[in-house]
Amino acid sequence: DPFRNDPQRDPALIQHSTRPCNSETPESALGSYITPIDKFYVRNHLWVPEVRDGDSHRLTIELFDGEEKDYTVADLRKKFHEHSITATLQCSGNRRSHMTQASRPTNGLQWGTGAISTAIWTGVRLRDVLADAGLDVQDPDEEIKHVKFIGAEAYGASIPIDKAVDRHGDVLLVYSMNGQPLPRDHGFPLRALVPGHVAARSVKWLNKIVVSDEESSSQWQRRDYKCFGPNVRAAQTDWDTAPAIQETPVQSAITAVRHVKADKLQDSALARVYSLDEDSVVLEGYAFAGGGRHIVRVDVSPDNGLTWLQAQLQEDGANLGAYGSPEDRRAWAWRQWRAVVPATQISRKFCVKATDDSYNVQPDTFEPTYNFRGNLANAWHRVCSVSD
Ligand code: MTE
Ligand code: MO
């Protein structure tokens, strides 16, 4: 039983499967800007490999000419400059259950809003390690197109060479999460962290990196993580005709709905935050854009999309450098938001949609982006507005 040594998990995680472990972050933890480690969603395709001594774990880099160079995790720490970034990981299946409910059945784990979490990741730059291993990172050989990551259990994926060597791409080889050693479920002792890309590319339990003219040949690169048109069915799919998902599209979700009575505000913590003089609903949630794009706006509707109001973007990530500067494309982490809706304006459903700095928006319904794998489910999130 390869799962017998899997780690213990926090019972507050919402469990979709145990062998392998697939567990999502509960709504109560989606409200903290940095997700507590034990509430960070877990998406494992197989078992958790056992590595006893992290420092002596060996990473092999294979260059394009086939030459190999080895580094232990201790070597990486010693030899290279350490970097930390605050980045959100989102599974391409996040919110798949919403697509299924609104449209038709999809293949895959039926995640709600919690296949997404944020951490402070610390490690060394992939670019620096590739350069040390002998790759010309300023001007890689024209034939080199991809960098493959191979995990200890057999999982693998790849990213385009341009992202891997980009000075502003911030791809890290990570050994620490929120200031603690990387937990076993999240890749101990070493994982790739590819910010702005779908989390499937951030390979855990990293053993080997291969510089190549080809994408990873894994099913997770060549098959599962792709989107096809709404008419395409699984049986008739020619997988090679769609590109692997890399950067993720703009996403947002509502994670808390609090009904607040104006006359009860005196004893409410919300009274200190808002000066509410009428019965209201306070909505909270997250918004996230891929590719380092910034979230520029979050719109909330109290009446299923007829009228809209502006959510306030929270600033929690600012002191963590999480947003980069407005000029660059290095907003690697989500923005949390809050909106106050007067009770009188509420009818039918609340909806949320976010806009990124390329003015990409979320589709209003799921049908136009329905795909049988249920990937990239990012239509407006709608939740019931009736008080319970
Ligand atoms: N890496 C390995 N080695 N094995 C895996 O199963 N799952 C991938 C990615 N890296 C996976 C992996 C997927 S699909 C996701 S969404 C993220 O890891 C989840 O990372 P987390 O479990 O740290 O949240
Ligand atoms: Mo994923």
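Along each chain, numbering runs from 1 in the same order as the chain's sequence is written. Going through the entries in the order they are written, you letter the chains from A and number the ligands from 1. Where local features are concerned, this predicted model is filtered to residues with pLDDT of at least 70; where side-chain atom pairs are given and counted, the filter is 80 or more; whole-chain, interface and lining totals use all residues. Excluding hydrogens and water, the side-chain figures rest on all heavy atoms present in the structure.

1. Observations regarding the environment of R329
And then number 1: Strands are runs of DSSP state E lasting at least two residues, helices are runs of H or I lasting at least four, and both sets are numbered from the N terminus onward. As for its position among the elements, R329 is in the loop between β18 (312–313) and β19 (335–342).
And then number 2: Burial classification: accessible surface area is computed with a 1.4 Å probe over protein chains only, and a residue below 20% of its type maximum counts as buried, one above 50% as exposed, and the rest as partly exposed. By relative accessible area, which is 40% here, R329 ends up partly exposed.
And then number 3: A sequence separation of 133 residues divides R329 from G196, and the C-alpha atoms of the two residues are 9.4 Å apart.
And then number 4: Contacts were defined at the residue level, with two residues in contact if any of their heavy atoms lie within 4.5 Å. Sequence-distant contacts of R329, that is, excluding residues within four places in its chain, are made with G291, G292, R293, D357 and S358.

2. Focus on the pairing of strand β7 (residues 116–125)
And then number 1: Counting buried positions along β7 gives eight out of 10 residues, so the element sits mostly inside the fold.
And then number 2: Strand pairing is assigned whenever DSSP detects at least two bridges linking the two strands. As judged from the nine bridges shared by strand β6 (residues 82–90) and β7, these two strands associate in the antiparallel manner. Counted as the bridge partner of A87 is A119 from β7.

3. Some points on the sheet that holds strand β3 (residues 42–43)
And then number 1: Sheet architecture is open: three strands sit in the order β1-β2-β3, paired in antiparallel fashion. One side of each edge strand has no neighbouring strand; the edge strands of this open sheet are β1 (14–18) and β3.
And then number 2: Where strand β2 (residues 21–24) meets β3, two bridges bridge the pair, whose relative direction is antiparallel. The residue bridging S23 from the neighbouring strand is V42, located in β3.

4. A word on empty space enclosed by the protein
And then number 1: Definitions used throughout: a 1 Å grid over protein atoms alone; a cavity as a set of points that fits a 1.4 Å probe which cannot get out; a pocket as an open set with protein on both sides within 12 Å along at least five of seven lines; a lining residue as one with an atom within 4 Å of a point. Grid points are joined across faces, edges and corners, and a volume is the space filled by probe spheres set on the points. Enumeration according to the criterion identifies three cavities of 30 Å³ or more in this entry.
And then number 2: In this structure, the largest cavity encloses a volume near 230 Å³.
And then number 3: R43, R191, A199, S202 and K204 are the residues nearest the centre of the largest cavity, which is lined by 19 residues in total.
And then number 4: Throughout this entry, Asp, Glu, Lys and Arg are counted as charged residues, while Ala, Val, Leu, Ile, Met, Phe, Trp, Tyr, Cys and Pro are counted as nonpolar. The remaining residues, Gly among them, count as polar. Grouping the constituent residues of the lining of the largest cavity by class yields 11 nonpolar, four polar and four charged.
And then number 5: The space that makes up the second largest cavity amounts to roughly 70 Å³.
And then number 6: Around the second largest cavity, the lining residues are Q90, C91, S92, N94, T248, P249, V250, Q251, L376, A377 and N378.

5. Section: the domain arrangement of the chain
And then number 1: Annotation comment: domain bounds sourced from an automatic or database domain assignment. What the domain assignment lists for the chain is domain 1 (14–241) and domain 2 (251–384).
And then number 2: One C-alpha centre belongs to domain 1, the other to domain 2, and the line joining them spans 27 Å.
And then number 3: Each partner contributes to the interface: domain 1 provides 51 residues, whereas domain 2 provides 37 residues.
And then number 4: A 1.4 Å probe defines the accessible area here, and the buried area is the portion of it lost by two parts on being joined, summed over both. Carbon and sulfur atoms supply 55% of the area buried between domain 1 and domain 2, which totals about 3,700 Å² over both sides.

6. Section: the pattern of salt bridges
When their charged atoms lie close together, side chains carrying opposite charge are able to pair.
And then number 1: Take a side-chain nitrogen of Lys or Arg and a carboxyl oxygen of Asp or Glu: if they are within 4 Å of each other, that pair is a salt bridge. For the structure shown, the criterion picks out 26 salt bridges.
And then number 2: One salt bridge connects K39 with D10, and the closest N-O pair in it is separated by 3.2 Å. You can see K39 sitting in the loop between α1 (27–30) and β3 and its partner D10 sitting in the segment before β1, a full 29 residues away along the chain. When sorted by exposure, K39 lands in the same class as D10, which is buried.
And then number 3: One connected set of salt bridges, linked through shared partners, spans D6, R9 and D185.

7. A few points about the sheet that holds strand β17 (residues 309–310)
And then number 1: Reading across the sheet, the four strands line up as β17-β16-β20-β21 and stay open at both edges, with antiparallel pairing between neighbours. At either margin of the open sheet sits one strand with a lone partner, and together these are β17 and β21 (381–384).
And then number 2: Of the strand pairs in this sheet, strand β16 (residues 295–301) and strand β20 (residues 349–356) are connected by six bridges, and their pairing is antiparallel. Opposite V298, over in β20, you have A354 as the bridge partner.

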